[in-house]
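Chain by chain, the residues:
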Amino acid sequence: MEINVIKIGGNVIDHPENASRFLKLFAKFPGKKILVHGGGVLASRIGKSLGIEPQMHLGRRITDKETLDLVTMVYAGLINKNLIAELHTYGQQAIGLTGADGNAIQSVKRPVKDVDYGYVGDVVQVNTELLESLLQQSISPVFSAITHDGKGQLLNTNADTIASEIATALARKHKVNLYFCFDKTGVLMDANNEASLIPLINEDIYNELLRDQIIHSGMIPKLENAFKALQKGVVHVWLGLPDNLLLAAKGKNAGTTIESQKYGLY
Ligand SMILES: Nc1ncnc2c1ncn2[C@@H]1O[C@H](COP(=O)(O)OP(=O)(O)O)[C@@H](O)[C@H]1O
Ligand SMILES: CC(=O)N[C@@H](CCC(=O)OP(=O)(O)O)C(=O)O
């Protein structure tokens, strides 16, 4: 089957009207689809109000025990359940999951190298049978950024990574497209200038932009994951505004595209 994995960023869903516009588009999006949502900004805001200061390193959250409890409540509870409830108002069958539910995504606690990320998980296994069975019933799985290690420990996993790992695992058997929706028109030469869109990107350009710090913060894991997915068999990766998602599905660019076959890079 053809499967679309769609990631929606925390900056978009932090604004209820933008979240609603996106969810309506997701409900309209044709074919089999899986949603992965972030929520980093809300977790940081609620954390601050509780005296838990966010600590990020290269776009990823350093997660101590207290922060793990916070993100579990915010991502798997507050955000995930509200998204599911709203999707049903648009006629979209959906089921909210963490990686622990149905053993959907197992991860291992990231080994300490230069940085100790704490309770952050690197994905090792995706339960594709579970996802296939839900999709066959026209139920869209909706994932928050929480995984588990199979030994009782929940772990925080970057939502872009979850989207990429799900897409990659399904790509072994299916044609998979991966869409990263966030708060910019795509990858930009200047993150503050929407007109500076880079419509196509390859790994050489990425490395140059990274070196020149044109790509920074949350864009780093997003693009790392985009390239990883393409290398591992995902057919099409797109990044852009949620409002352009249906255009992207029709093959119109309106964002930044990295396409495996067409450019022969992957
Ligand atoms: N070159 C770039 N083009 C576009 N955005 C960039 C770029 N470099 C850094 N960014 C930042 O990355 C952010 C998107 O990453 P992130 O905040 O993790 O998104 P999400 O909402 O998906 O979680 C943008 O809002 C922007 O501030
Ligand atoms: C380990 C790690 O960085 N986890 C992320 C998970 C949420 C996320 O990725 O949210 P956005 O997509 O909104 O950024 C975090 O806690 O910020």
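Everything numeric in this text was worked out from a predicted model, so none of it was measured.

Parameters and conventions
- Residues numbered from 1 in each chain as written.
- Chains lettered and ligands numbered in written order.
- Predicted model: local features only at pLDDT ≥ 70, side-chain atom pairs only at ≥ 80, totals over all residues.
- Heavy atoms only, no water.
- Helix = DSSP H or I, 4+ residues; strand = E, 2+ residues; numbered from the N terminus.
- Rg over C-alpha atoms; globule rule 2.2 N^0.38 Å.
- Contact = heavy atoms within 4.5 Å.
- Areas by Shrake-Rupley, 256 points an atom, 1.4 Å probe, with all protein chains shown as cover.
- Lys, Arg positive; Asp, Glu negative; His and termini not counted.
- Charge placed at Lys NZ, Arg CZ, Asp CG, Glu CD.
- Axes fitted to C-alpha atoms, helices over the stretch in contact; angles between N-to-C directions.
- Parallel < 35°, antiparallel > 145°, perpendicular 65-115°, else oblique.
- Left-handed = near helix turned anticlockwise from the far one by under 90°.
- Near = heavy atom within 4 Å.
- Polar contact = N/O pair within 3.5 Å; in protein donor to acceptor, adjacent residues only side chain to side chain.
- 1 Å grid on protein atoms, 1.4 Å probe; cavity = no way out; pocket = protein on both sides within 12 Å on 5 of 7 lines; lining within 4 Å.
- Sits in = over half its atoms within 2 Å of the grid points.
- Points joined across faces, edges and corners; volume = space filled by probe spheres on them.
- Nonpolar A, V, L, I, M, F, W, Y, C, P; charged D, E, K, R; others polar.
- Buried < 20%, exposed > 50% of the residue type's maximum accessible area, 1.4 Å probe, protein only.

Considerations on the overall build of the chain
Scanning the chain for helices and strands turns up ten helices and 13 strands. The C-alpha radius of gyration computed for the chain amounts to 17 Å, which stays within 12% of the reference 18 Å derived for 266 residues, consistent with globular compactness. Considered along the principal axes of its C-alpha atoms, the chain spans approximately 45 × 45 × 35 Å. The long-range fraction of contacts in the chain, counting pairs at least 24 apart against all pairs at least 6 apart in sequence, stands at 70%. For the chain, the accessible area works out to roughly 11900 Å², and carbon and sulfur atoms hold 52% of it. Computed over 27 positive and 27 negative side-chain charges, the inter-centroid distance for the chain is 5 Å.

Observations regarding the packing of helix H3 (residues 40–49) against helix H4 (residues 65–89)
Here H3 crosses H4 at 125°, and the two axes come no closer than 10 Å. As judged from the angle between their axes, H3 and H4 are oblique. Relative to H4, the crossing made by H3 is right-handed. Every residue of H4 that contacts H3 at Gly-40, Leu-42, Ala-43, Ile-46 and Gly-47 is listed here: Leu-70, Val-71, Val-74, Tyr-75, Leu-78 and Ile-79.

Details of the site of ligand 1
Taken together, 18 residues surround ligand 1, and among them Asn-11, Asp-183, Leu-188, Ile-214 and Lys-222 come closest. Contacts to ligand 1 include Leu-188, whose backbone N or O atom sits 2.8 Å from a nitrogen atom. Between Lys-222 and ligand 1, the recorded distance is 2.6 Å, taken from a side-chain N or O atom to an oxygen atom. Out of a free accessible area of 570 Å², ligand 1 has 85% covered by protein chains. Using a 2 Å cut-off from the grid points, one finds that ligand 1 occupies the largest pocket.

With respect to the layout of surface pockets
Think of a ball as big as a water molecule: rolled over the atoms, this probe shows where empty space is left. Size it by volume and the largest pocket reaches roughly 870 Å³. Residue lining of the largest pocket: 37 residues in total, with Asn-11, Ser-217, Gly-218, Met-219 and Lys-222 positioned closest to the centre. Going through the elements one at a time, helix H1 (10–13), H3, strand S4 (60–61), helix H6 (159–171) and helix H8 (219–231) are the ones with two or more residues in the lining of the largest pocket. Considering only residue class, the lining of the largest pocket consists of 14 nonpolar, 16 polar and seven charged.

Regarding the side chain of Glu-165
Checked against the element boundaries, Glu-165 lands in helix H6. On the basis of relative accessible area, Glu-165 is assigned to the buried category, the value being 15%. Here Glu-165 is in contact with Val-123, Val-126 and Lys-228, once residues within four sequence places are set aside.

Describing empty space enclosed by the protein
Applying the stated criterion to the full structure yields one cavity of 30 Å³ or more. Volume-wise, the largest cavity comes out at about 40 Å³. In terms of lining residues, the largest cavity is bounded by Ala-43, Ser-44, Ile-52, Glu-53, Pro-54, Arg-61, Thr-67 and Leu-70. Mapped onto the lining of the largest cavity, the elements with two or more residues apiece are H3 and H4. Of the residues that constitute the lining of the largest cavity, the class distribution is four nonpolar, two polar and two charged.

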